[in-house]
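What follows is the residue order along each chain.
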Amino acid sequence: MSSSDDFDALGPATRGVLAGRRKGWTGTPEHPGAVVNPAVWRASTHLYSDMAALRAHPANEDGRFYYGRRGGPTQWALAEALTQLEPGASGTVLYPSGVAAIAGVLLTVLRPGDVLLMTDNAYEPSRAMGRGLLRDFGVETRWFDPTDMASFDAACCERTRCVLLESPGSLTMEVQDVPALAAAAKARGIVSVLDNTWASPLGFAALAHGVDISVMSLTKHVSGHSDCMMGSASAGPEWYRKLRLRAQGLGNVVSPDDASLMLRGLRTMKVRLEAETASALAIAQWLDGRPEVARVLCPMLPGSPGHELWQRDFSGGCGLFSFVLKGGTSAARDALIDGLELFGIGYSWGGFESLATPVDPASIRTASAWPLAGMDAADQFGVRLSIGLEDTADLIADLERGLAVWAAALGEQA
Ligand SMILES: *Cc1c(COP(=O)(O)O)cnc(C)c1O
């Protein structure tokens, strides 16, 4: 591509194919761009041609050989590809996991004495960071109701330095008014960070909607094959450099083998997300019509919390959503999950294979109610599904089997 303006004018599918494929990284000086993908550059030692070259090593610049901890062309290509998929980003930092990315970002932005605001439906390990790591370093964390702007305002104080958003949130999937929250944060001098793992930049352009730093667990959609872990943070010029230097100081590095797997996953992410989204919506609609189901929490489904915001702000979805059973018991819900044959039981999501896990937000939330407003108090046992690439009809038949097991389990207990 001749210029970055030309590149930015391309559609997201085209950018997903071209991103990060610099000719110097996919070839040799004699044959630039000779192969499609960058090689796996396994290297701890980077060599200098002579002492003059070592003495004259350039300032701490991106994309320059220096030492293995600063990566090589495989990692640079992945970071650049993610930057090119995030409108408004000037760079992307890679971390060994999504949790490492969240920690790396918060340890860049926060100082002792600061207050961090966190949405009440944040990923539990993010919450644990507030209770543990950050508290130990003198940072106080306060949680707020994800769907209530007044709750955010009430939680703000003079010392608030940063807000961690997640939309839709983990387990209960409420979509937040991210543009309004980011604008409110900016007006108060608060740095906004979004965990954008669910949508990825293909489904929600975080920086373009006013967020300062966009974080992703690449382990989920970007890998897409349940075989690799990594995280990323993308930001504009104000934050990118600081994130990069803090990550360097913390010794964060990802392996070129893993970066190569992530690049492979990235190339098909758009079609996988589209297929999963269509299948998940069909399954959500089917569940919504079932007498055993009290509530389906799926951003793409009308009636789900924040569906209107999803329609307004998002350009795509994914296969991850939850549903809540009508009454019942925890044991019956567990029997349902055990009764599924095509869904694995496991904590991750975003892979090609479907997964199911229990949803029990009551034990986690502190600033908002569960069951959600408008729900019956007895309806509290949920199931989270990560819909993969199987045939939708097979997954529905499996869920029908699971619901029959649930009903039988309740009958036995009665
Ligand atoms: C899985 C997940 C993470 C953490 O990612 P890892 O790569 O597993 O460390 C962060 N945020 C959300 C929303 C997640 O689901």
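See above for the structure.
Procedures and definitions
- Residues numbered from 1 in each chain as written.
- Predicted model: local features only at pLDDT ≥ 70, side-chain atom pairs only at ≥ 80, totals over all residues.
- Heavy atoms only, no water.
- Axes fitted to C-alpha atoms, helices over the stretch in contact; angles between N-to-C directions.
- Helix = DSSP H or I, 4+ residues; strand = E, 2+ residues; numbered from the N terminus.
- Left-handed = near helix turned anticlockwise from the far one by under 90°.
- Contact = heavy atoms within 4.5 Å.
- Nonpolar A, V, L, I, M, F, W, Y, C, P; charged D, E, K, R; others polar.
- Pairing = 2+ DSSP bridges.

**Observations regarding the packing of helix H4 (residues 73-85) against helix H12 (residues 256-288)**
Here comes step 1: Put simply, H4 and H12 touch, their axes get as near as 8 Å, and they point 35 degrees apart. For H4 against H12, the interelement crossing comes out left-handed. Listed contacts from H12 to Thr74, Gln75, Ala77, Leu78, Ala81, Leu82 and Leu85 of H4 are Pro256, Ala259, Ser260, Met262, Leu263 and Leu266.
Here comes step 2: A breakdown of the residues in the contact of H4 with H12 according to their chemical character gives ten nonpolar, three polar and no charged.

**As for the sheet that holds strand S4 (residues 160-166)**
Here comes step 1: Across the sheet, seven strands lie side by side as S1-S7-S6-S5-S4-S2-S3; this open sheet has mixed pairing. Both outer strands of the open sheet, strand S1 (91-95) and strand S3 (140-144), are each paired with one neighbouring strand and no more. Going from strand to strand, the sheet's axes swing by 20 degrees on average, the running direction of each strand aside.
Here comes step 2: Running over the sheet, helix H11 (residues 237-249) touches S1, S4, strand S5 (191-195), strand S6 (213-217) and strand S7 (231-235) and is turned about 25 degrees from S1.

**Remarks on the sheet that holds strand S11 (residues 355-359)**
Here comes step 1: One open sheet accounts for five strands, arranged S8-S9-S12-S11-S10; its pairing is mixed. Because the sheet does not close on itself, it has two edges, and the strands there are strand S8 (293-297) and strand S10 (344-345).
Here comes step 2: Two elements, S11 and strand S12 (residues 382-386), share five bridges in a ladder whose sense is antiparallel. Paired with leucine 355 across the strands is serine 386, a residue of S12.
Here comes step 3: The strands touched by helix H14 (residues 330-339) are strand S9 (320-325), S10, S11 and S12; relative to S11, the strand with the most contacts, the crossing angle is about 175 degrees.

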